[in-house]
Structures are given as C-alpha cells and as structure tokens.
Amino acid sequence: MIDTTTGRTVVLDVWCELQCPDCRTALADLRALRARYGDALVTRLRHFPLDKHRHSHAAAQAAEEAAAQGQGRRYAEAVLERAEELGRRGEPLLVEVARELGLDAEEMDTALVDGRHMLVVDADQAEGKAIGVTGTPTYVIGGERLDGSRSQEGLRERVEEIADRLLAEGGGAA
C-alpha cells in the first residue's frame, strides 16, 4: 500500500495536552498509526494546553525541553501515561520523568522556571485556535480537522482513509 521507494510522506498534526485523559487514550491509536505507516506518516505534537488542567502549560514547556534534548515524543508519551499523577503532583513529576528517561533533569527544571519554551507553546495554541481547535485530542491531516475531544470512535480509521488517499496521490502536508 505504501510505496517506500518514493519517499512520500503525510503529516499528521496532533493537537494535544499532556494532562488530558482523552489524549492518553489516543496514544494507542497513534502508536498503531506509526506501526502501520512508519516513516510515511510524520506525526507532530502540537500543544493545546487547556485551562481546566492547571499543569498543562508546564507540561507543554517540559515536552519542548525534552524535544530540545532529543526525546520529545518519548517524554510526551511518558507524561501522558501518567496524566492523572501529573494532576496531583505537577512540576515535580515533569522533572522526575525527565530523570527517568535519562534527560538532564536540572536543565528541565531550569527550563520550567525560566519559561524558555513558552513562546513555542503559545504559538501552537494560537495556531490551533485559528484553525478551530477547541479541545484535545484534535488531528489535522490533509487539511481536514478531526475532533477527538468528544469521541475518538472511528478517528483512527478516518486518519487511515485520508493518509491512504494522500499517499496514493503523492503525499501531502497537514
């Protein structure tokens, strides 16, 4: 189905927040999509912290710091797996996860204090609002927005339909 000789790729933007239980649930679908498409599907974490989750802004900044240290996806998934614990423990958990993954935990702590990644998080959130993102997770693929914040039923199948079409047509951007 995927012509790996062409190098065609499709971009899937995933508007997410790391304290969101629905985003944690979506991890299984994202892992299945990566397993099915491999390098042909580029998934990009886009930050959309929700005010109802008080540690979501810090978690987004921490994910950016982890990305700067080369482990963005791994870190984001590890924090998502502990979303409820993040709600209880806050920033100490973010530093602990960094340490567990072998990241520079002191630098993570410093990044959370100095806010060096806040502009990236704010820009993602502003872009999300501009394209109509209202909740998480929300996927954007091939220009189509798929809202998983109300229900994730059938979303993976819809992403697969769009990805298959775009790959058959020669790839496409988000």
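Right above here is the structure, for reference.
Residues take numbers from 1 onward in each chain, read along the sequence in its written order. Totals for whole chains, interfaces and linings use every residue, but because this is a predicted model, local features are given only for residues with pLDDT of at least 70 and side-chain atom pairs only at 80 or more, for both listing and counting. Side-chain calculation: all heavy atoms of the structure are included, whereas hydrogens and water are not.

## With respect to the pattern of salt bridges
Two side chains bearing opposite charge may form a pair once their charged atoms approach each other closely. The term salt bridge refers to a pairing of a side-chain nitrogen on Lys or Arg with a carboxyl oxygen on Asp or Glu at a separation within 4 Å. Considering all chains together, one arrives at 23 salt bridges under this definition. Between glutamate 160 and arginine 36 there is a salt bridge, with the nearest N and O atoms lying 3.1 Å from each other. Remark: arginine 36 occurs in helix α1 (residues 21–37) and glutamate 160 occurs in helix α8 (residues 155–169); sequence separation between them is 124 residues. By relative accessible area, arginine 36 is classed as partly exposed at 32%. The network of salt bridges with shared partners includes Asp13, Arg44, Arg46, Asp124 and Glu127. Helix numbering and strand numbering both begin at the N terminus, where a helix is a DSSP run of H or I of at least 4 residues and a strand a DSSP run of E of at least 2. The buried label applies to any residue whose accessible area, calculated with a 1.4 Å probe on protein chains only, is under 20% of its type's maximum; exposed applies above 50%, and partly exposed to all values in between.

## Side note on helix α6 (residues 105–114)
Among the residues making up α6, those that are buried are Ala105, Met108, Ala111 and Leu112. In a view along the axis of α6, the buried residues occupy a sector of 115°, so they form one face of it. Set apart from the buried face of α6 by more than 90 degrees, the exposed residues are Glu106 and Val113. Contact between two residues is taken to exist if any of their heavy atoms lie within 4.5 Å; hydrogens are not considered. Structurally, α6 contributes buried residues whose contacts are with α2 (56–68), α3 (72–80) and α5 (91–100). Trailing α6 by a residue or two, glycine 115 shows a phi angle of about 65°, which is positive. This arc corresponds to the set of directions leading from the helix axis out to the C-beta atoms.

## What about the nonpolar core?
What makes a nonpolar core is a set of buried Ala, Val, Leu, Ile, Met, Phe, Trp, Tyr and Cys residues whose side-chain atoms join them at distances within 4.5 Å. Counting residues in each nonpolar core, the largest one holds 43 residues, and the members touching the most others are Leu12, Leu18, Tyr75, Leu94, Met108, Tyr139 and Ile141. Every residue in contact with leucine 94, bar those within four places of it in the chain, is listed here: Ala58, Ala59, Ala62, Tyr75, Val79, Leu86, Met108 and Leu112. Core analysis: the second largest hydrophobic core is formed by 5 residues, Trp15, Leu50, Val133 and Val140 among them.

## What to know about the pairing of strand β3 (residues 138–141)
Side chains on a regular strand alternate between the two faces of the sheet. Burial along β3 is two-sided: Thr138 and Val140 and Tyr139 and Ile141, pointing in opposite directions, are all buried. Direction of pairing for β3 relative to strand β4 (residues 144–147): antiparallel, over a ladder of 4 bridges. Following the sheet pairing, isoleucine 141 is matched in β4 by glutamate 144. A loop of 2 residues connects β3 with β4, the two strands running antiparallel in sequence, and glycine 142 in this loop sits at a positive phi of about 60°. Here a strand pair is declared whenever DSSP counts at least two bridges between the two strands.

## Structural notes on the pairing of strand β1 (residues 10–16)
In terms of burial, β1 is a largely internal element, 7 of the 7 residues being buried. Alternating positions in β1 separate into two faces, Val10, Leu12, Val14 and Cys16 on one and Val11, Asp13 and Trp15 on the other, with burial throughout. In this sheet, strand β2 (residues 41–47) lies alongside β1 in parallel orientation, the contact comprising 7 bridges. Across the sheet, the residue bridging to valine 11 is valine 42, located in β2. For the crossover that starts at β1, traverses α1 and ends in the parallel β2, the hand is right-handed. Examined bridge by bridge, β1 and β3 share 4 bridges and lie antiparallel to one another. Convention used here: a crossover is right-handed provided that the path from the first strand, over the helix, to the second strand proceeds clockwise when the strands point away from the viewer.

## Notes on α8
Under the 1.5 Å per step criterion, the end-to-end length of α8 is 21 Å for 15 residues, consistent within 8% with the ideal 21 Å. Buried within α8 we find Leu155, Val159, Glu160, Ile162, Ala163, Leu166 and Leu167. Those residues of α8 that are buried are in contact with β1, α1, β3 and β4. Looking one or two residues beyond α8, the residue adopting positive phi is glycine 170, at roughly 115°. How far a helix is expected to stretch is found by multiplying one less than its residue total by 1.5 Å.

## A look at a negative patch on the surface
Residues Glu91, Asp104, Glu106 and Asp109 make up a contiguous surface patch of negative charge. Within the secondary structure layout, aspartate 104 lies in the loop between α5 and α6. By relative accessible area, aspartate 104 is classed as partly exposed at 41%. Like-charged residues within 9 Å of one another, or nonpolar side chains (Val, Leu, Ile, Met, Phe, Trp, Tyr) within 5 Å, are grouped into patches, provided each residue has over 30% relative accessible area and no salt bridge. Only the protein chains shown count as cover for residues, with accessible areas throughout obtained via the Shrake-Rupley method and a probe of 1.4 Å. When charges are counted, Lys and Arg contribute as positive and Asp and Glu as negative, whereas His and the chain ends are disregarded. By convention, charge coordinates are those of NZ in Lys, CZ in Arg, CG in Asp, or CD in Glu.

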